[in-house]
Amino acid sequence: MMSQEANDLITRTGRKDPCGKLMRMYWQPAALVDELQGSRPVRPVRLLGENLVLFRGEDGRYGLIDRHCAHRGADLAFGRLENGGLRCAFHGWLFDASGQCIETPAEPAGSQLCKGIKQRSYPVIEKSGILWAYLGEGEPPAFPELDCFVAPDSHTFAFKGHMNCNWLQALEVGIDPAHASFLHRFFEDEDTSAAYGKQFRGASAGSDMPMTKILREYDRPIINVEHTEYGLRLIALRELDEERTHVRVTNQLFPHGFVIPMSTEMTITQWHVPVDDENCYWYAIFTSYAAPVDKQKMRDQRLELYELPDYKSRKNKSNDYGFDPHEQDTATYTGMGTDINVHDQWAVESMGPIQDRTNEHLGQSDKAIVQYRRLLRQEIEKVAGGEKPMPFLDDASARSIQGPATMDGIGPTQGWELYWMEVDVKRRRGAPWAAPVPREIAGKVHHLTAAE
C-alpha cells in the first residue's frame, strides 16, 4: 500500500505536476498518421491534459498548437486550412505551423497586431505511422534505435485504442507477466495457423504448443526483473518439465512503454499516453522480422472492436464489456470474448479513473510493478532536481539503445539464459531488413546452435 500523496505523485501529469514535468522530457504519440489523411487533415488532440489542435498545412508541415484561438478563445479544431496555416472560423485569424499569427483580416489595413501574437506550439515529427509531439522545453531528445523505428514502413503497422483510466494502471498490466494465465485464459486451444495478428494465439517458438495451453496449464511463473539502459527487462519462466522451460522475455521502455513478442515473427512496441489524468490512449507499433505486415488485415481486425474517429472500444463499461456468464463457464476466464484488448480494458478501467493504491496488497508476482514504480519515482526526483531522466538521448548516443530483445519460446530448463538470446539474434540475422543486434547481447551470442 502507498499514501495518497505518493499515488498522486506517480499518476498526475499536468504541466505543474512532477510526473507531468517528467513526461514532457520525452516525445509523446499525439495521433496516428492515418488520422490526418483525407481532404481536411485537422484533428483536436488532448495530450497530458492540454487541449491542442493538430493539422497538416498545404506545404506538408505539421502544426500542433493551442486549440483555442488567441483572439477570443474560439475552437480552432473547426478552423479552415488555407494560405499555409489554420484559420479561425470566428474572425479569420490565421496561424502557421509554429503558432505564429500571420493574418488578422478584420483589423485595419496595415495593422501590425498579428506580429505580437503566437499560440503555444509544439514540434511534431512523423515516425513509423505515428505523429510524435514534444511538449517540453529546450531541445528535444533523439529517438532511440528501436526496431520499430529502424524497420521499413512495409514491416510496421501502427494503431491505437482509448482507455477510460489513468495511464499508469494501463501501463502496469503490460509489465505483469502473471496476469496472462488468468485474465487471458482460454479453455480450448485454437488452430495456431490462424493466429496472425492475434496476441497469445500462436505457437511458442521451438514447438507447436499453443500459447493458450502454456498460459492455462502453467500459471505460477518465476519472474526475473533486470534493470537496463532503457528501463526494465522482464523474464517469465514456466517450467514444463525437467528438460523444458517456457521463456518469455519482455521489456519496460521508460517512461510509459513496453516491448513484447506478439508471435515468433512479430513484436509489439506500445506506449500508454496520458490524455489527461483519467484517460489514456495506447499506441502500438507492430514490427515484423519476416514478411511485410498485412496492414489491411491488421487494421480490419482492430476496427472490429474500435470505432472511429476516436478509437474507442465498442465493448465498454456501458455494455459490461460484452460479459456473457455462459461463456465464462465454458470458454474464457472473463466471459468477455476473445479479444484480449477487451480483457485488459475491463481490468484497468474497473479499478476506477485513477487506481486507489492506498488499498492494494502486492505479492511476489508483482515484482516488476514494484521495480517500475521505484524507477518512476527516482526519475521524477531527478527531473525535479534539474537533471535529465533516463533515457534522454542525443544524436551521438541514440544508437546506445537498440532492439530491445524479446522472445517467447520453449527452451532447455538448464541453459535458458543463453537460449532466449540466441533465438532473438537468429530472428534478427534472418530479417529482410537490417535489424540491429542489441549490444548488450551481441557479445554473448557467438553461435546459434541452441536456437537451431
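Model, not experiment: these values are computed from the prediction. (Residues numbered from 1 in each chain as written. Predicted model: local features only at pLDDT ≥ 70, side-chain atom pairs only at ≥ 80, totals over all residues. Heavy atoms only, no water.)

J.: Sorry if this is basic, but what is going on with the sheet that holds strand S2 (residues 42-47) here?
T.: Strand pairing within a sheet occurs via backbone hydrogen bonds; the two strands may be parallel or antiparallel. If you walk across this open sheet you meet the four strands as S2-S3-S4-S9, and the pairing is antiparallel. Edge strands, defined here as strands with exactly one partner in the open sheet, are S2 and strand S9 (121-122). Sheet topology places strand S3 (residues 50-56) next to strand S4 (residues 62-66); five bridges connect them, and they run antiparallel. Looking at S4, one finds that leucine 52 is bridged to aspartate 66. (Pairing = 2+ DSSP bridges. Helix = DSSP H or I, 4+ residues; strand = E, 2+ residues; numbered from the N terminus.)

J.: Even after reading the chapter, I still don't get the domain arrangement of the protein chain, so can you show me in this structure?
T.: How large an interface is tends to be reported as the accessible area lost when its parts come together. You can read the domains of the protein chain as domain 1 (40-134) and domain 2 (147-430). Each of domain 1 and domain 2 was reduced to a C-alpha centroid, and the two centroids are 36 Å apart. With eleven residues of domain 1 at the contact, the number on the domain 2 side is 13 residues. When the two sides are added together, the surface that domain 1 and domain 2 hide from each other amounts to roughly 990 Å², 64% of it contributed by carbon and sulfur. Contact with domain 2 buries surface across domain 1, with Arg46, Ser128 and Ile130 losing the most and accounting together for 45% of the total. Counting the contacts that link domain 1 with domain 2 gives two salt bridges. Across the pair arginine 46 and aspartate 276 runs a salt bridge, and its minimum N-O distance is 3.1 Å. Scanning the region where domain 1 abuts domain 2 turns up six residue pairs in polar contact (both at pLDDT 80 or more). Secondary-structure elements contributing two or more residues to the side of domain 1 that touches domain 2 are S2 and strand S11 (130-134). (Domains from an automatic or database assignment. Contact = heavy atoms within 4.5 Å. Buried area = accessible area lost by both parts, 1.4 Å probe. Salt bridge = Lys/Arg side-chain N within 4 Å of Asp/Glu carboxyl O. Polar contact = N/O pair within 3.5 Å; in protein donor to acceptor, adjacent residues only side chain to side chain.)

J.: Please explain the UniProt feature "domain: Rieske" (unreviewed entry) in the protein chain as it appears in this structure.
T.: Per the UniProt record, the feature "domain: Rieske" (unreviewed entry) sits at residues 27-133. Secondary structure across residues 27-133 divides into 0% helix and 42% strand, with the first and last C-alpha atoms of the span separated by 5 Å. (UniProt positions renumbered as here; feature names shortened; annotations may be inferred.)

J.: I tried to follow unusual backbone geometry on my own but got confused; where do I start?
T.: Generally, phi is negative for residues other than glycine and the peptide bonds are trans, each holding for most cases. Look at the link from phenylalanine 254 to proline 255: it is a cis peptide, with omega at 10°. By the element assignment, proline 255 lies in the loop between strand S16 (244-253) and strand S17 (257-261). The residue after glycine 403, namely proline 404, is reached through a cis peptide bond having omega -10°. Its identity is not glycine, yet asparagine 83 carries a phi of approximately 50°, on the positive side. Within the secondary structure, asparagine 83 sits in the loop between strand S5 (80-82) and strand S6 (85-87).

J.: How do you make sense of the layout of surface pockets when you look at a structure like this?
T.: Any empty space left between atoms is shown by rolling a water-sized probe over those atoms. Considering only enclosed or pocket space, the largest pocket measures out at about 850 Å³ in volume. In terms of lining residues, the largest pocket is bounded by 43 residues, among which Gln199, Asp339, Ile340, Asn341 and Asp344 are the most central. Mapped onto the lining of the largest pocket, the elements with two or more residues apiece are strand S15 (231-239), S16, S17, strand S18 (266-276), strand S19 (279-288), helix H6 (295-303) and helix H8 (340-349). (1 Å grid on protein atoms, 1.4 Å probe; cavity = no way out; pocket = protein on both sides within 12 Å on 5 of 7 lines; lining within 4 Å. Points joined across faces, edges and corners; volume = space filled by probe spheres on them.)

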